[in-house]
Each structure stands twice: as structure tokens, then as C-alpha cells.
Amino acid sequence: MIAILGAGSLGRLWAALLPSEHCVFLPRLSIDVSEHEFEPRRSFSRQEVSPDTRCEYVLVRSAPPFGANAPASRQRSRASRPWLAREVLRTPPMAPQGFGREFLTASPDSGDAHTHVNLPWLQSAENVKLLLVTTKAGDTLAAVNDWLPHIPDDTPVVLFQNGLGSQQTVAGRWPERPILAASTTEGANRPSPDVLVHAGAGDTWVGALTASAADHIPSVVQQLAETGLRVHAEENILRRLWQKLVVNAGINPFTALLDCPNGDILGSPLYQQNINGLCGEISVLLQAETSEAIAPEVLREQIETVARNTASNTSSMRADVMAGRKTEIDFINGYLVQCGERHGIATPVNQMLTNRVQGL
């Protein structure tokens, strides 16, 4: 059984594409656990989950992910679904999770195809063989803490959070567990509560955060590849997460502050006045944290390439602001500020962007 903790856009995308007979959602429990308080305030009770509760929504396919490497079971479905045979414009390798042109405009009748999804909420965690955690970064520790006592010790846990910080916290809290992290460029959004749009096909990389997780990588990649999405094993997942963090830090806060799609930030005074300083800070932080030397101008080129290639996309941070949700700024630019504090490196641009987004 594959359990998904976090029924947002990304969680619903994986749930919709994994074999339905082996996939369930885990309910979020209302336990408040801070990063410094690891004991749950009460134990789990099955009575908190109604036995007939199911998660229902419509998947709208604007970017079919199935390609030549899809499993045979998926390939055979082309005969009944000819739209799968079309070429798909792929998302750039380091693109932030974001939303394409269909954001806030899609409906169950739009897109190339739509599928009704109806999956149960799990009643018992005893048979969970794989746990995907797709919560927001700030909710991850509490959500995982609620469920791990009820899940077998050898069950691999895959963290799909944006930014950095939450992954290390979870791995540090449960070092004996097989904890993995994933970095993905799949684009999905929910224009309404019962509609999920897969608006951009990308790639997903999976790697180990704890020692016991390394042996689970091949099986986890194989299971996730049953979706037909492009899934890869990654030896150095933290390096991959840092690559995505750089792009997110250079795009997301500007789109949130300017309330614009990715490409529109490039000509704005706010971006032009701060991007060199931002890339200078990140370059020094990268050297201190990962021993990787990348010049600021190279980082800027990477950021702007993704911004141009996803010009019409809405970043996840802008979408959070538009929806009145808490953003993940603390785990993107805010994480860079924390890195600076650890190493005695000044990060005034990252601090400014963090403060301004927090004030939205």
C-alpha cells in the first residue's frame, strides 16, 4: 500500500497516476508539534477518520506525462487514449514547481482529457509499504510525527517539500528510518477544490537522506515510475535540492511581491536592483554549505533561463499569496538567511525578500 500524506496539488497528482488499487490518502491530524517539541500531545484514534470518507476530484490533463519509457501497462493504454501519443513540452530541469497557463481557468471539461479520481482515506497504517509526504514545508514535521509511530519501521518515507530545512529536520529526528527526499518539476494546481490540473510535465529525482534509505532507492523509483512520470535515482539529492532552491529563491519571492507570472519579473526594477546582490549571497552560501563554487553570474543565468522558459507560469509562492495561504518563504530565502547566520555570512537581500513576503 502506498500512502500519501498531504492532499494538495502534488499529492493529488501522484495519487491520481499511481495504481488506484494500491494508493490511499492519510488524514492530517490536528496535533501541533514545533521543531523543538517532538512528542505528540495525544495518541492517534481511528475515530478521527470517518470509515466512509473518500477524497474525490477530477484530474485535468493539460500535459500528459507518458513517454517512451512509461511502463508497458501505461503504454498499452494509448490505444484507448490517443492523446497520450502526442509530444509534450517538458519543463526545464531546475524549474520551480509552478502552474501553467491553465491556472485558475481549468475546469473538468477543459484540457486534453479528464479523469474522475476517488480514493479512500486510510483507516490503518499497518500495511503501508511506502509513504509519500507532500505537505507544505512548514507542516511536514508535525504531519510526519503524527503518523510514523503507526507505520512499520522499515517503510521508506519520501519527502516532496519545496526549499530546504524541513527535510533535514525530519531526517535528523528519525535517523534510523529510511528517509528519502524528492525534487520534482511536475506542475500541478487546483483551480477549485475538486479539480486538479496537471499543467506541466517534468522530472522527479529521488535520493537518500538517511543511511538506511539508500537500499530503498531502486524500489521507490520503480514504484513511482508506475505513474508514467519521469523518475530518476539521485546519489546526491541535497545537491539537487540546492539547485532547485537557487531557482526558487531567484523567482518565487519576486513573483509574489510583484503579483506576476515568472517571466514578468525580469524587467521589473525590484528584480533588476536586487538580483546581482541575491546571486552574490547565494554563491558564497553555496561554497560554505556544499563546497561547490558557482559564480554569481552563472547563478543569474540559470535563474533567468528558467524564468524565460516558464514565462507564463505562476509560481507556487504567488499562488499561495493569491489563495491567502502561508507561503514557504521560510524554507527558501529564509533558509538562506539561516545558512548565512550559521556561517557568519551577510544576507541582506535574502532577508529583505523574506521580510517583505512575510508581510504580504
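Refer to the structure presented above.
Residues numbered from 1 in each chain as written. Predicted model: local features only at pLDDT ≥ 70, side-chain atom pairs only at ≥ 80, totals over all residues. Heavy atoms only, no water.

### Considerations on the packing of helix 6 (residues 237–258) against helix 9 (residues 316–323)
And then number 1: Interaxial distance between helix 6 and helix 9 falls to 7 Å at its minimum, and their mutual angle equals 30°. With respect to helix 9, the element helix 6 is oriented roughly parallel. The hand of the helix 6/helix 9 crossing is right-handed. Counted together, Asn-252, Pro-253, Thr-255 and Ala-256 of helix 6 and Ser-316, Met-317, Arg-318 and Val-321 of helix 9 form the full contact between these two elements.
And then number 2: Classifying every residue of the contact of helix 6 with helix 9 by side-chain character gives 4 nonpolar, 3 polar and 1 charged. (Axes fitted to C-alpha atoms, helices over the stretch in contact; angles between N-to-C directions. Helix = DSSP H or I, 4+ residues; strand = E, 2+ residues; numbered from the N terminus. Parallel < 35°, antiparallel > 145°, perpendicular 65-115°, else oblique. Left-handed = near helix turned anticlockwise from the far one by under 90°. Contact = heavy atoms within 4.5 Å. Nonpolar A, V, L, I, M, F, W, Y, C, P; charged D, E, K, R; others polar.)

### Notes on the nonpolar core
And then number 1: Core analysis: the largest hydrophobic core is formed by 40 residues, its most contacted members being Trp-242 and Ile-282.
And then number 2: Put simply, the parts of the chain that give this core at least two residues each are helix 6, helix 7 (269–290), helix 8 (296–309), helix 10 (333–343) and helix 11 (348–358).
And then number 3: Leaving out residues up to four positions away in the same chain, Ile-282 has contacts with Val-246, Ala-249, Leu-299, Leu-336 and Asn-350.
And then number 4: Ala-188, Leu-196, Val-206 and Val-221 belong to the second largest nonpolar core, which has 32 residues in total. (Core = buried A, V, L, I, M, F, W, Y, C linked by side-chain atoms within 4.5 Å. Buried < 20%, exposed > 50% of the residue type's maximum accessible area, 1.4 Å probe, protein only.)

### Considerations on the sheet that holds strand 8 (residues 179–184)
And then number 1: Sheet architecture is open: 7 strands sit in the order 2-1-6-7-8-11-12, paired in mixed fashion. In this open sheet, the two edge strands, each paired with only one partner strand, are strand 2 (23–26) and strand 12 (230–233). Averaged over neighbouring strand pairs, the angle between their axes works out to 25° when direction is ignored.
And then number 2: One ladder, built from 3 bridges, connects strand 6 (residues 130–133) with strand 7 (residues 157–159); its direction is parallel. Looking at strand 7, one finds that Leu-132 is bridged to Val-158. (Pairing = 2+ DSSP bridges.)

### Quick notes on the side chain of Asn-333
And then number 1: If you trace the backbone, Asn-333 turns up in helix 10.
And then number 2: A relative accessible area of 0% means that Asn-333 is categorised as buried.
And then number 3: Within the local environment of Asn-333, its side chain forms a polar contact with the side chain of Asn-350, the two groups lying 3.0 Å apart.
And then number 4: Non-local contacts of Asn-333, meaning those with residues more than four positions away in its chain, are made with Ala-249, Pro-253, Leu-278, Asn-350, Leu-353 and Thr-354. (Polar contact = N/O pair within 3.5 Å; in protein donor to acceptor, adjacent residues only side chain to side chain.)

### Concerning the pairing of strand 12
And then number 1: Here 4 bridges tie strand 11 (residues 203–208) to strand 12, and the two strands are oriented parallel to one another. If you follow Val-206 over to strand 12, its bridge partner there is Ala-233.

### Describing helix 7
And then number 1: Between its terminal C-alpha atoms helix 7 stretches 31 Å, which fits the 32 Å expected from 22 residues at 1.5 Å a residue.
And then number 2: The sharpest bend along helix 7 measures roughly 40° and falls at Ile-275.
And then number 3: Along helix 7, the positions that sit buried rather than exposed are Leu-270, Tyr-271, Asn-274, Ile-275, Leu-278, Cys-279, Glu-281, Ile-282, Ser-283, Leu-285 and Leu-286.
And then number 4: Looking at the packing, one finds that the buried side of helix 7 touches helix 6, helix 8, helix 10 and helix 11.
And then number 5: Phi for Ser-291, located one or two positions after helix 7, is positive at around 65°. (Expected span 1.5 Å × (residues − 1). Bend = angle between axes of the 7 residues up to and from the residue.)

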